[in-house]
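Examining the three-dimensional arrangement
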Amino acid sequence: MAGEHFLHTIFKPENFRQEELALISDQFKEVSFKKNDFLIEIGKTSAFYYFLEEGFLRSYTIDLDGNDITSKFFVSGDIVIDWHSYFLKKPSREPVQALTHGKCWKIRFSDFMKLFHIEAFREVGRTRLVQNYFELKNHSISVIADHAKDRYLNLLREKPQLVQNVPLKHLATYLGITDTSLSRIRNEVARA
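Residues numbered from 1 in each chain as written. Predicted model: local features only at pLDDT ≥ 70, side-chain atom pairs only at ≥ 80, totals over all residues. Heavy atoms only, no water.

With antiparallel pairing, the 4 strands of this open sheet are ordered in space as 2-7-4-5. Across the chains shown, the open sheet's two edge strands, defined by having one partner strand only, are strand 2 (38-40) and strand 5 (68-74). In this sheet, neighbouring strand axes are inclined to one another by 35° on average, regardless of whether the strands run parallel or antiparallel. Relative to strand 5, strand 4 (residues 57-62) runs antiparallel, the two sharing 6 bridges. (Pairing = 2+ DSSP bridges. Helix = DSSP H or I, 4+ residues; strand = E, 2+ residues; numbered from the N terminus. Axes fitted to C-alpha atoms, helices over the stretch in contact; angles between N-to-C directions.)

Tallied over the full model, the rule gives 21 aromatic pairs. Ring geometry for Phe109 versus Phe112: centroids 6.4 Å apart, planes at 25°, classification stacked. With a gap of 3 residues between them, Phe109 and Phe112 both fall in helix 4 (residues 109-115), about one helical turn apart. The class of Phe112 is buried, set by a relative accessible area of 6%. The lysine or arginine in question, Lys89, covers the ring of Tyr86, its NZ or CZ lying 5.1 Å from the ring centre. Residue placement shows Lys106 over the ring face of Phe48; its charged tip is 4.0 Å from the ring centre. (Phe/Tyr/Trp six-rings, centres within 6.5 Å; stacked < 30°, edge-to-face > 60°. Buried < 20%, exposed > 50% of the residue type's maximum accessible area, 1.4 Å probe, protein only. Lys NZ or Arg CZ within 6 Å of the ring centre and 35° of its normal.)

Read these as layout, nothing more, since geometry by itself doesn't imply function.
Now the structure itself:
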């Protein structure tokens, strides 16, 4: 199956029996997307979660003043999910939109549940959930407690590919600053 190699970067063959890997691979479907496509739409219940193979995505929300605020970026290898919507069957409040063209692997909730008896599959899911939680928590604390320049430098360290591939306005809202402030910080960092 094309793409098995990518899924094996998530579900490492040394942690699974061959028949478990085959069952897992059979449940995931390859999906291509174009720039501006939505993988998760606001107000709709998320039927799938995805592993992003290539491309860049973002989740966002609209604040009380009508501003579009980026809440998370997704890069290759990330799980793309609205946990609340997917597991609790609630309408999504954060759409996920493609910033570039790309490819991912999706799984329906019912197919996900078929795999839950596989201990190593559950462990991958638990690990991803914990990582996702800590990333979200660290970001929300950083927006409150860190200087804007430090937030930018952390983003450069953790996900440098975003800076070259994501529009400045989305980076700025994610960092909790204006486009102008971000431009100034980038110039300072480039001169240092």
